Amino acid sequence: MAAALRGAVVRAAPFQQVRRLACPAVGPRIARPSVAVRSVATKAPEVPHYTNEEIGAKETLEYRIAFKQNDKVISCWHEIPLWAGEDELHFICEIPKETSAKMEVATDEPSTPIKQDTKKGKLRFYPYNINWNYGLLPQTWEDPSHKNEDLDGVAGDNDPVDVVEIGSSQLKMGGVYRVKPLGVYAMIDDGELDWKVIAINSADPKAAAVNSLEDVEREFPGQLTKILEWFRDYKIPDGKPANAFGYDNRCMDKAFTLKVIEETHGFYNKLKSGKRSNSEELSLI
């Protein structure tokens, strides 16, 4: 895929690129605000086939958001299709914009519900709110055994592909939405490749006008640079170094993005079918 995944479009604000990052000791945490910002109702329509069930109390180790279809519990990672139509993908919102709880799909638990990430037994929060809706593409996987030749052999981070949704509405945690892919950053986090797909909710008022990175710069000026800087710097308050980005810090174009999605969907299919050993002990149900 290295030869196919070439081309770029937008250069973000310059800073020195680093290919690999060592994993340093964790520094002191920054106290989160005393008033937590929670997800609120959204006017953006969700895909109607899927509903959620909350289990346990929020901001506890037991809290989960399960996914259902026709009252049957399903895995959002395995049972929601990647594609939602021509040029549209299904996006699962884990973290609504302007919130700080670090939520994620639990890929090692049966039915892969959403839970809050932990570190050393404590719930994790970003040091400040994330400014976009954040989540994943179902039926994708960044294979940790696959080394990317374009990026000095860095391998996948063992997670589904992440999405940064740039639309105007705050989406619902656990909501499933149709999005249009526009670009992708190759973030390198502690020596692992962690793709960040840039997308927009297909129901957003500006969605019809946004089909490329040039359109993003026109309709959302400066957002691509802000996304790069946010993901580059969010670990610094915890005493860690900045994250690195491949391809000279560029946000790669839509054609490149679709190849990344196709490749990671292929990795997922091999894992799910058994053609690739599940040595990471992920939940495949």
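For clarity, every value in this text was computed on a predicted model and none was experimentally measured.

Draft legend 1. Quick peek at the overall build of the protein. Helix and strand counts for the protein stand at four helices and 20 strands. The burial tally for the protein puts 52% of its 285 residues in the buried class. Once local pairs closer than 6 in sequence are excluded, the contacts in the protein between residues at least 24 apart make up 73%. Carbon and sulfur atoms make up 50% of the accessible area of the protein, which amounts to about 12700 Å² in all.

Draft legend 2. Molecular detail of the nonpolar core. Formed by 42 residues in total, the largest nonpolar core has its most connected members in Phe-67, Ile-80, Ile-166, Tyr-185, Ile-198, Ile-227 and Phe-231. Top element by residues in this core is helix 3 (residues 223-233). It accounts for five residues. In this structure, Ala-44, Leu-137, Val-161 and Tyr-247 belong to the second largest nonpolar core, which totals 26 residues.

Draft legend 3. Seen up close, the layout of surface pockets. When its volume is computed, the largest pocket comes out at roughly 820 Å³. Those elements that place two or more of their residues in the lining of the largest pocket are strand 8 (103-105), strand 10 (118-119), strand 13 (133-136), strand 17 (176-189) and strand 18 (192-201). Counted by class, the lining of the largest pocket contains 11 nonpolar, three polar and 18 charged residues.

Draft legend 4. Focus on the pattern of salt bridges. On inspection of all chains with the given rule, the structure shows 17 salt bridges. Two residues, Glu-46 and Lys-172, come together in a salt bridge whose shortest N-O distance is 3.4 Å. Taken together, the positions of Glu-46 in the loop between strand 1 (10-11) and strand 2 (51-55) and Lys-172 in the loop between strand 16 (162-165) and strand 17 put the pair 126 residues apart, joining distant regions of the chain. Given the relative accessible area of 29%, Glu-46 is considered partly exposed. Owing to a relative accessible area of 29%, Lys-172 belongs among the partly exposed residues under this scheme. Via salt bridges that share partners, Arg-64, Glu-109 and Lys-115 belong to a single interconnected network.

Draft legend 5. Expanded view of the packing of aromatic side chains. Applying the stated criterion across every chain yields a total of 11 aromatic pairs. A centroid spacing of 5.8 Å and a plane angle of 80 degrees characterise the contact between Tyr-128 and Trp-230, whose relative ring orientation is edge-to-face. Here Trp-230 lies in helix 3 and Tyr-128 lies in strand 12 (residues 125-130), a separation of 102 residues in the sequence. An angle of 70 degrees between the planes, with centres 5.6 Å apart, marks the rings of Tyr-185 and Phe-245 as edge-to-face. Of the two residues, Tyr-185 sits in strand 17 while Phe-245 sits in strand 19 (residues 244-245), which places them 60 residues apart along the sequence. A residue is classified by how much of its surface remains accessible, and Phe-245, at 1% relative accessible area, is buried. Each member of the aromatic cluster is reached from another via a ring pair, and the members are Tyr-126, Tyr-128, Tyr-134, Trp-230, Phe-231 and Tyr-234. For Lys-206, the ring lying beneath its charged end belongs to Phe-220, and the centroid distance is 4.9 Å.

Here is what the cut-offs are and how they apply
- Residues numbered from 1 in each chain as written.
- Predicted model: local features only at pLDDT ≥ 70, side-chain atom pairs only at ≥ 80, totals over all residues.
- Heavy atoms only, no water.
- Helix = DSSP H or I, 4+ residues; strand = E, 2+ residues; numbered from the N terminus.
- Buried < 20%, exposed > 50% of the residue type's maximum accessible area, 1.4 Å probe, protein only.
- Contact = heavy atoms within 4.5 Å.
- Areas by Shrake-Rupley, 256 points an atom, 1.4 Å probe, with all protein chains shown as cover.
- Core = buried A, V, L, I, M, F, W, Y, C linked by side-chain atoms within 4.5 Å.
- 1 Å grid on protein atoms, 1.4 Å probe; cavity = no way out; pocket = protein on both sides within 12 Å on 5 of 7 lines; lining within 4 Å.
- Points joined across faces, edges and corners; volume = space filled by probe spheres on them.
- Nonpolar A, V, L, I, M, F, W, Y, C, P; charged D, E, K, R; others polar.
- Salt bridge = Lys/Arg side-chain N within 4 Å of Asp/Glu carboxyl O.
- Phe/Tyr/Trp six-rings, centres within 6.5 Å; stacked < 30°, edge-to-face > 60°.
- Lys NZ or Arg CZ within 6 Å of the ring centre and 35° of its normal.

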